[in-house]
Amino acid sequence: MDKKSTILLSDLLTSNVRCDLGIDHGRGFCVWMHPPVHRILGWASRPSNLKLSLDVWKLNQLKGLDLNNSFVKGKCSISDQATINRFPTLINAILLNKNSEKIGTIVDFVFEFKSGKILYYLVSRTNPKIPGTSRWSLQINDIIDQQP
């Protein structure tokens, strides 16, 4: 991947994480981001449905991505679900218009591979898990306020 490549978060989270030793660390599980500056810092993968621990990866460990795998270099950090739940994220955040009416939910985003800078978010008006639901892009400069 070159420095200017962009990645869709859902592509990263649906791929199996493979380290430089060839070990499969499971599928991506959730994103680790810094919402105030719209930047992804890393993500977590679940090595097994039977284990309670999660493997956490920094974005700079990502060395490549293909249709089924994300390739990482180095060791992961081990975490638990309670800690992961405290990671700030805008994924699944409700988007309100200036009249405080719900207009959609943030379901995905596109980011720069090298810097982690989020270029824009993808918003769904309905359930994004249903095939054929529409998504539209939300530019960063259109966000007026973020509240926990």
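Definitions and limits used
- Residues numbered from 1 in each chain as written.
- Predicted model: local features only at pLDDT ≥ 70, side-chain atom pairs only at ≥ 80, totals over all residues.
- Heavy atoms only, no water.
- Helix = DSSP H or I, 4+ residues; strand = E, 2+ residues; numbered from the N terminus.
- Rg over C-alpha atoms; globule rule 2.2 N^0.38 Å.
- Buried < 20%, exposed > 50% of the residue type's maximum accessible area, 1.4 Å probe, protein only.
- Contact = heavy atoms within 4.5 Å.
- Areas by Shrake-Rupley, 256 points an atom, 1.4 Å probe, with all protein chains shown as cover.
- Lys, Arg positive; Asp, Glu negative; His and termini not counted.
- Charge placed at Lys NZ, Arg CZ, Asp CG, Glu CD.
- Pairing = 2+ DSSP bridges.
- 1 Å grid on protein atoms, 1.4 Å probe; cavity = no way out; pocket = protein on both sides within 12 Å on 5 of 7 lines; lining within 4 Å.
- Points joined across faces, edges and corners; volume = space filled by probe spheres on them.
- Axes fitted to C-alpha atoms, helices over the stretch in contact; angles between N-to-C directions.

Participant: Could you clarify how one ought to interpret the overall build of the chain in this entry?
Facilitator: Summing up its helical and strand segments, the chain has 2 helices and 12 strands in all. Start at the N end of the chain and walk to the C end: the helices and strands fall as β-α-β-β-β-β-β-β-β-α-β-β-β-β. Its C-alpha radius of gyration of 16 Å places the chain within 12% of the 15 Å reference for a compact globule of 148 residues. Projected onto the principal axes, the alpha-carbon positions of the chain cover approximately 50 × 35 × 30 Å. The buried share of the chain, taken over its 148 residues, is 38%. Sequence-distant contacts, at least 24 apart, represent 43% of the contacts inside the chain between residues at least 6 apart. Counting only carbon and sulfur atoms, one obtains 53% of the accessible surface of the chain, whose full area is about 9,100 Å². If the 19 positive side-chain charges of the chain are averaged to one point and the 12 negative ones to another, these points end up 3 Å apart.

Participant: When you look at the pairing of strand S3 (residues 24-34) in this model, what are you seeing that I'm missing?
Facilitator: Successive residues of a regular strand alternate their side chains across the two faces of the sheet. Relative to S3, strand S2 (residues 16-18) is paired through 2 bridges, and the arrangement is antiparallel. Within the sheet, the bridge partner assigned to Asn16 lies in S3 and is Arg27. The pairing of S3 with strand S4 (residues 39-46) spans 7 bridges and is classified as antiparallel. From the neighbouring strand, Arg27 faces S4, where its bridge partner is Arg46. Counted along the chain from S3 to the antiparallel partner S4, the turn is 4 residues long, and its residue His38 has a positive phi close to 55°.

Participant: Would you take a moment to explain the layout of surface pockets for this structure?
Facilitator: Here the idea is plain: a probe the size of a water molecule rolls over the atoms and shows the empty space left. By volume, the largest pocket is sized at about 640 Å³. Together, 21 residues line the largest pocket, and Ile94, Leu95, Asp145, Gln146 and Gln147 are the ones closest to its centre. Among the elements of the structure, strand S9 (94-96), strand S10 (102-112) and strand S12 (135-139) are those that each provide at least two residues to the lining of the largest pocket. Looking at the lining of the largest pocket element by element, the count peaks at 3 residues for S9.

Participant: Sorry if this is basic, but what is going on with the sheet that holds strand S8 (residues 77-80) here?
Facilitator: Pairing between sheet strands relies on hydrogen bonds along the backbone, with the strands arranged either parallel or antiparallel. Taking strand neighbours across the sheet as the criterion, the 7 strands line up as S6-S7-S2-S3-S4-S5-S8 in an open arrangement whose pairing is mixed. The open sheet has two edge strands with one neighbour each: strand S6 (62-65) and S8. Between one strand axis and the next, the sheet turns through 40° on average, direction left out of account. Pairing analysis gives 4 bridges linking strand S5 (residues 53-58) to S8, with the strands arranged antiparallel. Within S8, the residue paired with Val56 across the bridge is Ser77.

Participant: What is the right way to look at the pairing of strand S11 (residues 118-124) in this model?
Facilitator: Burial runs high along S11: 5 of the 7 residues are buried. Here S10 runs beside S11; their pairing, made up of 6 bridges, is antiparallel. By the bridge assignment, Phe109 is partnered in S11 with Tyr121. As consecutive antiparallel partners, S10 and S11 are separated by 5 residues, and within that stretch Gly116 has a phi angle of approximately 85°, a positive value. With 5 bridges connecting them, S11 and S12 associate as antiparallel partners. Bridge pairing in S12 links Leu122 to Ser137.

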